[in-house]
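# Notes for the structure review
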Amino acid sequence: MAAAASNSQLHYSVHDPTRFPLPSPSSKCSHLSSSLLLELQVKPYRTNSIPSLTSNCRSSRVYCEIKSFESHQNYHQQNLTVGFLSGSGQLHSIQSSSPPSSVPMAATASSDSGSKGVKRICLFYCDETKALAERIAARSDAIELRSINWKTFDDGFPNLFIPNAQGIRGQHVAFLASFSSPKVIFEQLSIIYALPKLFISSFTLVLPFFPTGTSERMEDEGDVATAFTLARILSNIPTSRGGPTSLVTFDIHALQERFYFGDNILPCFESGIPLLMNRLQQLPDSHNIAIAFPDDGAWKRFHKQLQHFPTIVCAKVREGEQRIVRIKEGDPQGRHVVIVDDLVQSGGTLIECQKVLAKHGASRVSAYVTHGIFPNQSWERFQFDSAGNPATGLSYFWITDSCPSTVNAVMKRQPFEVLSLASSIAAALQI
């Protein structure tokens with residue numbers, strides 16, 4: 001076939017099956033529904049020197065997958081490598097003496113890109129993240145949900161199965177994880193390590209909350225940095241055909257943790273602060289907002305994203321045997337003050353900030369954290385300010401859905417309001 005091509009005229013155009021389905025697709029190309037296809041039409045030269053060749057050859061049309069596209073600078077020659085989707089054999093190289101008018105320069109992009117460069121994603125999830133995965137898929141037609149069978153053997157070890165594993169070959173794949181407790185990490189890591197080895201085009205791990213290291217203090221010899229351990233585990237995820245795994249996570253607790261990851265993973269550090277800013281703009285008193293940080297760590301992490309708001313910085317100081325919260329700088333007088341931090345556990349520091357801000361004249365006090373952990377149902381400590389008295393409660397307490405178990409507990413309880421990461425994750429999957 002390659003020899004025949006060298007003695008024939010070649011006409012070709014790009015076919016996008018997501019927009020224009022093949023007239024009679026064969027079973028061999030059903031798994032390439034999101035790929036660009038090359039439609040080849042081979043016609044013999046009209047030549048008087050070889051009349052028998054002209055009379056015996058017929059025009060034929062085949063559909064092929066573009067393997068590579070090389071365009072020389074002078075545009076007088078293009079080299080394409082394609083593979084047949086019908087019939088057998090491999091057409092190794094075809095040269096054209098003039099640039100094809102029907103192949104746009106966009107065809108030089110990855111052949112598995114959809115129309116307008118949108119990647120189609122197969123999104124897997126665990127039981128805990130199913131609701132968030134459904135919200136993500138609702139934000140984009142390019143995301144298709146795929147389930148996993150999560151079972152256990154009689155001895156308690158995971159019994160896992162990925163349905164239709166061959167169907168994701170050549171696809172962009174993502175897994176939405178939740179490491180909410182140590183007992184679920186192993187079974188999810190088993191899936192995370194298995195997916196990239198199924199001949200997929202790329203693999204993205206979405207871990208909205210990176211859980212380890214939130215309470216660790218490396219002060220004495222012998223302290224173990226479990227955040228570093230988890231980062232090393234994730235850094236050794238097998239590479240897919242497209243290269244290293246991408247990791248999407250939000251507002252990681254300790255800023256130095258981003259340097260714990262190795263070269264075999266590409267961490268993408270996102271933030272939930274844009275969700276907060278959009279919500280604040282919807283408030284009737286949006287012109288009177290001030291931002292309070294409970295400590296210097298929160299200020300270092302978030303002040304650049306919130307620099308156009310008046311800022312108040314609090315700090316813990318020791319008085320005798322007690323550590324109390326005081327205002328270090330800024331004035332809350334008459335303001336609707338929003339306390340901002342990356343996460344909340346027991347909530348003791350945040351409640352102390354609420355009280356000191358109210359004492360110094362704040363008209364309303366609200367709070368935002370990206371990760372509402374709330375161990376031992378500590379969310380019950382936060383009361384709703386229904387009478388305009390910020391010393392007794394919060395007007396709003398915004399959290400994201402990075403910790404699904406918390407969302408289920410506080411969904412319909414004031415002052416809590418959930419800001420979903422679904423749109424942010426859907427956008428990050430297109431990077």
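This text goes with the structure placed above it.
Everything numeric here is computed off the predicted structure, so don't read it as measured data.

### Focus: the overall build of the protein
- Of the regular secondary structure elements, the protein holds ten helices and 20 strands.
- Every one of the 431 residues in the protein was classed for burial, and the buried ones make up 46%.
- Once local pairs closer than 6 in sequence are excluded, the contacts in the protein between residues at least 24 apart make up 63%.
- Here the protein has roughly 22,400 Å² of accessible surface; of this, 49% comes from carbon and sulfur atoms.

### Focus on the nonpolar core
- Residues I136, L176, L280, I291, V340, W398 and I425 are the most contacted members of the largest nonpolar core, which totals 38 residues.
- Excluding residues that lie within four positions of it along the chain, L176 makes contacts with L123, F124, Y125, C126, T129, L132, A133, I136, V206, P208 and I425.
- Core analysis: the second largest hydrophobic core is formed by 30 residues, A177, I200, I252 and I265 among them.

### A short note on the pairing of strand β17 (residues 336-344)
- Among the nine residues of β17, nine are classified as buried, and the element is accordingly described as predominantly covered.
- Each parallel crossover has a hand, and the one from β17 via helix α8 (residues 348-359) to strand β18 (residues 364-372) is right-handed.

### A few points about a nonpolar patch on the surface
- A grouping of F153, F157 and F186 is seen on the molecular surface, where their side chains present a nonpolar patch of about 350 Å² in accessible area.
- Relative to the helices and strands, F157 is located in the loop between β8 (149-152) and β9 (158-161).
- The exposure class of F157 is exposed, given its relative accessible area of 51%.

### Quick word on the environment of K359
- Here K359 lies in helix α8.
- Take K359: its relative accessible area is 71%, and that puts it in the exposed class.
- The spacing of K359 and P390 is 31 residues in sequence and 8.8 Å in space, taken between C-alpha atoms.

### Things to note about the pattern of salt bridges
- Applying the stated rule across the entire model yields six salt bridges.
- The salt bridge partner of R279 is E417, with a shortest N-O separation of 2.5 Å. On the criterion of sequence distance, the pair formed by R279 in helix α6 (residues 273-281) and E417 in strand β20 (residues 416-419) is long-range, its members being 138 residues apart.
- Its relative accessible area of 15% is what places R279 among the buried residues.

### A short note on helix α5 (residues 226-235)
- For α5, every residue scored as buried is listed here: A227, L230, A231, L234 and S235. The arc enclosing the buried residues of α5, seen along the axis, measures out at 140°, which places them on a common side.
- Along its buried surface, α5 packs onto α4 (182-194), β11 (202-206), β12 (245-250) and β13 (265-270).

### Some words on the sheet that holds β11
- Strand order in the open sheet made by the six strands is β7-β6-β10-β11-β12-β13, with parallel pairing throughout. Of all the strands in the sheet, just β7 (143-146) and β13 have a single pairing partner and so form its edges. Put simply, the sheet's adjacent strands are angled 25° from each other on average, direction ignored.
- Pairing of strand β10 (residues 172-176) with β11 involves five bridges; the strand directions are parallel. Note that in β11 the partner of V173 across the bridge is F203.
- Packed on one face of the sheet, helix α3 (residues 130-139) meets β6 (121-125), β7 and β10 and runs near 155° to β7.

### A closer look at the sheet that holds strand β19 (residues 397-400)
- With respect to topology, seven strands assemble into an open sheet ordered β16-β15-β14-β17-β18-β19-β20, the strand pairing being mixed. In the strand order of this sheet, the two ends are held by β16 (322-329) and β20, each with one partner. Each strand axis lies, on average, 25° off the axis of its neighbour in the sheet, ignoring direction.
- The pairing of β17 with β18 spans eight bridges and is parallel. Residue pairing for β18: H336 is matched across the bridge by R364.
- The strands touched by α8 are β14 (289-293), β15 (311-319), β16, β17, β18 and β19; relative to β16, the strand with the most contacts, the crossing angle is about 50°.

### Digging into α8
- For α8, which comprises twelve residues, the first-to-last C-alpha distance of 17 Å matches the rise-based estimate of 16 Å (1.5 Å per residue) to within 8%.
- On the buried face of α8, the contacting elements are β14, β15, β16, β17, β18 and β19.
- Looking one or two places after α8, you find G361, whose phi comes out positive at around 100°.

### Observations regarding unusual backbone geometry
- The linkage connecting Q414 with the following residue, P415, adopts the cis geometry, with an omega of 10°.
- Along the chain, P415 falls in the loop between α9 (404-410) and β20.
- Although it is not a glycine, F199 sits at a positive phi angle of roughly 60°.
- You can see F199 is positioned in the loop between α4 and β11.
- One non-glycine residue with positive phi stands out, namely Q377, at about 55°.
- With respect to the helices, strands and loops of the structure, Q377 is situated in the loop between β18 and β19.

What counts and what doesn't
- Residues numbered from 1 in each chain as written.
- Predicted model: local features only at pLDDT ≥ 70, side-chain atom pairs only at ≥ 80, totals over all residues.
- Heavy atoms only, no water.
- Helix = DSSP H or I, 4+ residues; strand = E, 2+ residues; numbered from the N terminus.
- Buried < 20%, exposed > 50% of the residue type's maximum accessible area, 1.4 Å probe, protein only.
- Contact = heavy atoms within 4.5 Å.
- Areas by Shrake-Rupley, 256 points an atom, 1.4 Å probe, with all protein chains shown as cover.
- Core = buried A, V, L, I, M, F, W, Y, C linked by side-chain atoms within 4.5 Å.
- Right-handed = clockwise from strand over helix to strand, strands pointing away.
- Patch = residues over 30% accessible without salt bridge, like charges linked within 9 Å, V, L, I, M, F, W, Y side chains within 5 Å.
- Salt bridge = Lys/Arg side-chain N within 4 Å of Asp/Glu carboxyl O.
- Arc of directions from axis to C-beta.
- Pairing = 2+ DSSP bridges.
- Axes fitted to C-alpha atoms, helices over the stretch in contact; angles between N-to-C directions.
- Expected span 1.5 Å × (residues − 1).

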